[in-house]
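Structural overview for review
So the chains spell out like this:
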Amino acid sequence: MTTQMNNTFGRALLRLAAIKFPSQQTQNTAALVVARRGQQQQHLNVVRNYYLNTQQSSPRSLSTAAQVDPPAAPVISTSINETDDSSSSPSEEESSTDNTQEAQETPKRRRVSQITIREVLKAKHTARWVEPVIPHNATVREAIVTCISQNISGMMVVDRSDTMKRRQKCVGLLTSRDLLRIMAASIKDGMSAEDILNQDVTRQMTPISQVIYGRPDETIGMCRSIMAKLGIKCLPILVDGRVEGIITARDMSDFHYDPKDRGGKKNYLADVSERVGLSENTSMAEPPIFVRQHLASKHAPLYVNVGTAEYPHPFKSHDGVGSSRRDFGPDDLATDPDLSEDAHFVSTVELLDESGTNMQELLYMGVADGVGSWREYGVDPRDFSRMLMGECEKILNEASSACATSGGKACSMIPPAELLAQSYKRTKEANVIGSSTACVGVFDSVHHQLHFSNIGDSGIIVLRHIDSDTASALQRNRTTPRAERKSDLRIAFVSQQQLKSFNHPYQMGWTGQEIADKNSSFKQASDSCTSSVHILRGDIIIMATDGLFDNVDIDDIASIALKWELDNQFIDSGGIDSRRKRWESGRSLSDISAQSIPKLAELLCEKARENSLDNTVDSPFALLAKENDIMWSGGMPDDCTVVAMHVVGKPANMI
């Protein structure tokens, strides 16, 4: 055992220390060999002791130790002790010293993902300095010219009207993608080319309050992750309240390439010559099988069956809300939805399509979570959320009626953000005091798109069956039988929430007067997180207030939805292949879906309540609280509203 350890550590020792003995002949070879062996033994003892002490103080498993950088080997002189009959020449000692210095001067290699943004920004500015700004009163025409002439994809929009200020005040961010959106929306509205180019850039820029920024001490890996998660391409770098520059994905990719690696004959022959130019016979390949199947049904409309459920705070009564079960008393837990401070609506209306000539059926839905702290000021938190959602439904019905009578552009599809803005305006005009989070969406059955706008911590998730044959990157488990898998649904989409801080969501509200404080928690509909999701047949869409997401993990939501599918035979042991064959045979099961989807909403609300009352298992809310240095255990009792939707291929009244 000792011999084996000696041999193992001896080999490791020689590799780490890189001891090189002179190869030249010496007069006293025997004495030199003895000295070298003694030196090796001394080196071995040092490393063995270091290893044993390390193992005793902080034992690690083999897998964990492999992830940690190995400790630097002790530096041991390679010169022979003076008491020995040394015959090493000065050149040997100089060579050893040079090797030691060279090892010390060699910088430690880093992964690209570990490089700081400060280094990237410095390299970018050193290579080419361009000030990425544009005046707030510039036109789209000027913005396009600036992007092309300066070869930039993002610009800070600055206000130069105050000449007394030394710094240019940033009011927003404009990207090349924003410019394309401006032109696409304007073309859709029938604007002339001249009118499009003369538009003010501030109409489509990202307001400064919504700009996502990075810090110079953050790494490339962290910034890449942020950009990928949020779907952004430009990241302003903020230092002491000043934007030092804008980093793009290209900047981070280009950082570790030297100019000599890009130009010259050698690089052209290696990287370009054999892959430049396409032949005249080049054509597009056929889409994969799963894509062809989707394209075959692309023009067929989809339909959505909807179910809703609403549970009040379990300790709520008409007299108030208990802080705990003991405070609430021996009565049964609250079940009356009228006690809930949440509100929701679901409305199916017919409005004009994009052509302005044909009527199109659209499904709108929304949830709002009234802020309970208004109760401390004698205000019923239910009033604002209910008014906000109720006015949304009224506006839609009015638009649908107008389409049936007069028609015109006024009765075309209303974007969710615009619907929220109109509803908020009416709520404010009615002087309804209060505030709430809000999430409103619309499903376009023709284009298979779910458009939504969200303010606060309510949100939307989309669950989808994704087979490993069509999405191998997801690493589907292909060895475990389907019946034994924990979940067969994938999280296809999760909406972005908006929080001022932990447990402090942004909200729409009215105090009876306008609030000038820009740091207020109150936001306008134009500040909402607005996005679109492509929907497929068979998807399950969950829109809910934070009462669900704070208490039920998203993976558990997927498990509950899967069980609901299995119980109603929407999916079976044959998986999505069996489901596709059923669809092809004309068996959509739309009627069963319409009858059972309310049960899914109820199951989710029940699970949220169950978890909220469990003090033995940390909920998503508790886990996040601890990450923010707040001691909280168990669940988070709250109102819970769920709007569950199942996407089918036929209306529910068809067999």
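Let me sum up the structure you'll find in this document. (Residues numbered from 1 in each chain as written. Predicted model: local features only at pLDDT ≥ 70, side-chain atom pairs only at ≥ 80, totals over all residues. Heavy atoms only, no water.)

1. Focus: the overall build of the chain
Selection criterion: A run of H or I in DSSP counts as a helix once it spans at least four residues, and a run of E counts as a strand once it spans at least two, with each numbered from the N terminus. Only protein chains enter the calculation, and the probe is 1.4 Å; a residue is then buried if its accessible area is under 20% of its type maximum, exposed if over 50%, and partly exposed in between. Reported accessibility uses the Shrake-Rupley method at a 1.4 Å probe radius. Residues are deemed covered only where the shown protein chains occlude them.
Per the secondary structure count, the chain includes 20 helices and 21 strands. Looking at the chain as a whole, 38% of its 655 residues qualify as buried. Just so you have it, the chain exposes about 38,000 Å², and 51% of that area is on carbon and sulfur atoms.

2. Quick word on the sheet that holds strand β7 (residues 303–311)
As a reminder of what qualifies: Two strands qualify as a pair provided that DSSP identifies no fewer than 2 bridges between them. Interaxial angles span 0 to 180 degrees and are taken between N-to-C directions of axes, which are lines fitted to C-alpha atoms, for helices over the stretch in contact. The contact criterion used is simple: two residues touch if any of their non-hydrogen atoms lie within 4.5 Å.
Strand order in the open sheet formed by 5 strands is β7-β21-β20-β14-β15, with antiparallel pairing between adjacent strands. Each having just a single partner strand, β7 and β15 (490–494) make up the two edges of the open sheet. Pairs of neighbouring strands in the sheet enclose a mean axial angle of 20 degrees, with direction left out of account. Where strand β14 (residues 459–464) lies against strand β20 (residues 540–544), 5 bridges are found, and the strand directions are antiparallel. Residue pairing across strands places Gly459 opposite Ala544, the latter belonging to β20. Lying on the sheet, helix α17 (residues 554–567) is in contact with β14, β15, β20 and β21 (640–648); it crosses β14 at an angle near 50 degrees.

3. A short note on the pairing of β20
The buried fraction of β20 is high, at 5 of 5 residues. Neither face of β20 is exposed, since Ile540, Ile542 and Ala544 on one face and Ile541 and Met543 on the opposite face are all buried. Pairing of β20 with β21 involves 5 bridges; the strand directions are antiparallel. Counterpart to Ile542 in the pairing with β21 is Ala644.

4. Quick word on the pattern of salt bridges
Note the following rule: By definition here, a salt bridge exists when the distance from a side-chain nitrogen of Lys or Arg to a carboxyl oxygen of Asp or Glu is within 4 Å.
Evaluated as defined, the whole model comprises 21 salt bridges. Linking Asp338 and Arg386 is a salt bridge whose minimum nitrogen-to-oxygen distance equals 3.4 Å. Of the two residues, Asp338 sits in the loop between α13 (325–328) and β10 (342–352) while Arg386 sits in helix α14 (residues 381–405), which places them 48 residues apart along the sequence. According to the relative accessible area criterion, Asp338 is partly exposed, its value standing at 38%. Among the charged side chains, a salt-bridge network with shared partners connects Lys316, Glu341, Arg375 and Asp639.

5. Quick notes on the side chain of Asn568
Defined as follows: Polar contact is defined as a pair of N or O atoms within 3.5 Å, subject to the rule that within protein one atom must be able to donate a hydrogen and the other to accept it, and that residues adjacent in sequence are counted only when both atoms are side-chain atoms.
Position of Asn568 relative to the elements: it lies in the loop between α17 and α18 (575–584). A distance of 2.8 Å separates a polar side-chain atom of Asn568 from the backbone oxygen of Trp564. Other than its neighbours up to four places away in sequence, Asn568 contacts Leu589, Ile592 and Ser596.

6. Remarks on unusual backbone geometry
Even without being glycine, Gln569 reaches a positive phi, approximately 65 degrees. Here Gln569 is to be found in the loop between α17 and α18. For Gln569, a relative accessible area of 59% corresponds to the exposed category. At Leu589, a position not held by glycine, the phi torsion is positive, near 60 degrees. By the secondary structure assignment, Leu589 is in the loop between α18 and α19 (590–612). Take Leu589: its relative accessible area is 18%, and that puts it in the buried class.

7. Looking at a nonpolar patch on the surface
The test is simple: Two distance rules govern patches: like charges are joined within 9 Å, and nonpolar side chains (Val, Leu, Ile, Met, Phe, Trp, Tyr) within 5 Å, applied only to residues with over 30% relative accessible area and no salt bridge.
There is a patch of nonpolar side chains on the surface, built from Tyr268, Leu269, Val272 and Val276 and spanning about 370 Å² of accessible area. Overall, the relative accessible area of 56% leaves Leu269 in the exposed class.

8. Focus: the environment of Ile433
With respect to the helices and strands, Ile433 occurs in the loop between α15 (416–429) and β12 (434–444). Judged by relative accessible area, which is 23%, Ile433 ranks as partly exposed. Sequence separation of Ile433 and Gln513 is 80 residues, and the distance between their C-alpha atoms is 9.7 Å. Excluding its chain neighbours within four sequence positions, the residues that come into contact with Ile433 are Trp374, Val379, Phe384, Trp510, Thr511 and Gly512.

9. Focus on the packing of helix α6 (residues 140–150) against helix α7 (residues 176–188)
So the rule is basically this: Left-handed describes a crossing whose near helix is turned anticlockwise from the far helix through less than a right angle; right-handed describes the clockwise counterpart. Only Asp, Glu, Lys and Arg are considered charged in this grouping, and only Ala, Val, Leu, Ile, Met, Phe, Trp, Tyr, Cys and Pro are considered nonpolar; every other residue, Gly among them, is considered polar.
Remark: α6 packs on α7, axes separated minimally by 11 Å, with the N-to-C direction vectors making an angle of 145 degrees. For the element pair α6 and α7, the recorded crossing hand is left-handed. The residues of α7 that touch α6, namely those facing Val140, Ala143, Ile144 and Cys147, are Leu179, Ile182 and Met183. Broken down by class, the residue content of the contact of α6 with α7 amounts to 7 nonpolar, no polar and no charged.

10. Comments concerning helix α5 (residues 117–127)
Counted only if it meets this: By definition, the arc is the one covered by directions from the helix axis to the C-beta atoms.
Looking at α5, one finds that the buried residues are Ile117, Val120 and Leu121. Buried residues along α5 cover an arc of 95 degrees about the axis, so they all sit on one side. Exposed positions of α5 whose direction lies more than 90 degrees from the buried face are Lys122, Thr126 and Ala127. On its buried side, α5 packs onto α9 (220–230), β5 (234–239), β6 (242–248) and α10 (249–254).

11. Here we look at the side chain of Ser186
Within the secondary structure, Ser186 sits in helix α7. Apart from residues no more than four positions distant in its own chain, Ser186 is found in contact with Met191, Ile196 and Gln199.

12. Describing the sheet that holds strand β1 (residues 133–135)
Strand order in this open sheet of 4 strands is β1-β2-β3-β4, and the pairing throughout is mixed. The open sheet has two edge strands, β1 and β4 (206–207), and neither has a second partner. Sheet topology note: the strand β2 (residues 154–159)/strand β3 (residues 169–175) ladder contains 6 bridges and is antiparallel. Note on β3: the bridge partner recorded for Asp159 is Lys169. Of the strands in this sheet, β3 and β4 touch α7, which is tilted by about 70 degrees from β3.

13. Observations regarding α17
We count it as follows: In this analysis, the expected span of each helix is defined as 1.5 Å times one less than the number of residues it contains.
Taking 1.5 Å per residue as the helical rise, α17 with its 14 residues ought to reach 20 Å, and the 20 Å between its terminal C-alpha atoms agrees with that figure. On its buried face, α17 is in contact with β14, β15, β20, α16 (546–549), α19 and β21. Measuring from the side-chain oxygen of the N-cap residue of α17 to the backbone nitrogen of Asp555 gives 3.0 Å; that N-cap residue is Asp553. With its phi angle positive at about 65 degrees, Gln569 sits one or two positions after the end of α17.

14. Some details on the packing of aromatic side chains
Going by this rule: Between 30 and 60 degrees the pair is tilted, below 30 it is stacked and above 60 it is edge-to-face, where a pair is any two Phe, Tyr or Trp rings, Trp via its six-membered ring, whose centres lie within 6.5 Å. By the criterion adopted, a ring carries a charge over it if an Arg CZ or a Lys NZ lies within 6 Å of its centre and within 35 degrees of its normal.
In total, this model carries 5 aromatic pairs according to the counting rule given. Considering the side-chain rings of Phe452 and Phe493, the 5.7 Å spacing of their centres and the 65 degrees angle between planes classify their relative orientation as edge-to-face. In this pair, Phe452 sits in strand β13 (residues 449–455) while Phe493 sits in strand β15, placing the two residues 41 residues apart along the sequence. When the centroid spacing of 5.3 Å and the interplanar angle of 75 degrees are considered together, the rings of Phe621 and Trp632 count as edge-to-face. Highlighted residues: Phe621 in helix α20 (residues 620–627) and Trp632 in the loop between α20 and β21, separated in sequence by 11 residues. Accessibility expressed as a relative area gives 4% for Phe621, which makes it buried. Taken together through their ring pairs, the aromatic side chains of Phe502, Phe621 and Trp632 make up a single cluster. When the ring centre of Tyr506 is taken as origin, the NZ or CZ atom of Lys523, which lies over that ring, is 4.8 Å away.

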